[in-house]
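Understanding the architecture of this molecule
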Amino acid sequence: LITNSYYSKLEAQKNAGIPSSSVHVIYHGVPDPFTGTSPSRKEKIALAVGSISWPNLKRKGWEPFVRAAAILSEMQFIMVGNWADDSIQYLRSIASDNVDFPGRVSDDELHRLYQSAYVYVQPSLHEGFGLSVAESMLAKCIPVVSRNGALPEVVGDCGFYLDNCEPETIAKMIKSIPKTNDLGERARQRVLEMFPPQKRI
């Protein structure tokens, strides 16, 4: 059995009783679309990317992400992802004016958003890997994530960890990030070193 993280390996052992020696971890290879591109100026944007559905409001933390925006009115919050069901109507009903829901966007637009966003937020209750987190890190976004699932494997010491996934905690963590730091560059280098597509060949 091959899993995409050590967290998922432990889940396979625990839930299916598969011996550790029979489970091998091969991380995702994350392509880098930003090499050779002109660096964009980071803006006051908190970004989250993923399918918008009723289960994901809590599992991915989309509801507390949207509610945190009301506490940080000076920042723009962008929630990118296809609308899988009518949960988008609920999110819109609780969203403050500084939240945008562009839906599913093109790869070029997603890359532009990654490059523009100052922070990437993933307050998940469960995460088998965290591909969007890794993609954002390639664009030098500063990750603000929970400690759940495999997120610490992806982020390492190149981001900020939430004590819980409440809106107030998310907003406080984003606000506490120093305006000048090298975390964005360190985040990019971590993904380039740990998750290059070549390692999957």
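The preceding data block contains the structure.
None of the values given here were measured: they were computed from a predicted structure.

1. Focus on the sheet that holds strand E3 (residues 43-49)
Backbone hydrogen bonds hold the strands of a sheet together, and the pairing may be parallel or antiparallel. Here six strands make up an open sheet; going across it, the order is E5-E4-E3-E6-E7-E8 and the pairing parallel. This sheet does not close on itself; its edge strands, each paired only once, are strand E5 (99-103) and strand E8 (160-161). Running at roughly 155° to strand E4 (residues 76-80), helix H3 (residues 62-69) makes contact with E3, E4, E5 and strand E6 (117-122) of the sheet. Sheet strands touched by helix H6 (residues 131-138): E3, E6 and strand E7 (142-145). Its angle to E6, the strand with the most contacts, is close to 165°.

2. Quick notes on the packing of H6 against helix H9 (residues 183-194)
The geometry of H6 relative to H9 is characterised by a closest axis approach of 7 Å and an angle of 120° between their N-to-C directions. In terms of axis orientation, H6 runs oblique to H9. Handedness of the crossing formed by H6 with H9: left-handed. Contact with H6, carried on its side by Ala-134, Met-137 and Leu-138, involves Gly-184, Ala-187, Arg-188, Arg-190, Val-191 and Leu-192 of H9 and no other residues of that element.

Definitions and cut-offs
Residues numbered from 1 in each chain as written. Predicted model: local features only at pLDDT ≥ 70, side-chain atom pairs only at ≥ 80, totals over all residues. Heavy atoms only, no water. Pairing = 2+ DSSP bridges. Helix = DSSP H or I, 4+ residues; strand = E, 2+ residues; numbered from the N terminus. Contact = heavy atoms within 4.5 Å. Axes fitted to C-alpha atoms, helices over the stretch in contact; angles between N-to-C directions. Parallel < 35°, antiparallel > 145°, perpendicular 65-115°, else oblique. Left-handed = near helix turned anticlockwise from the far one by under 90°.

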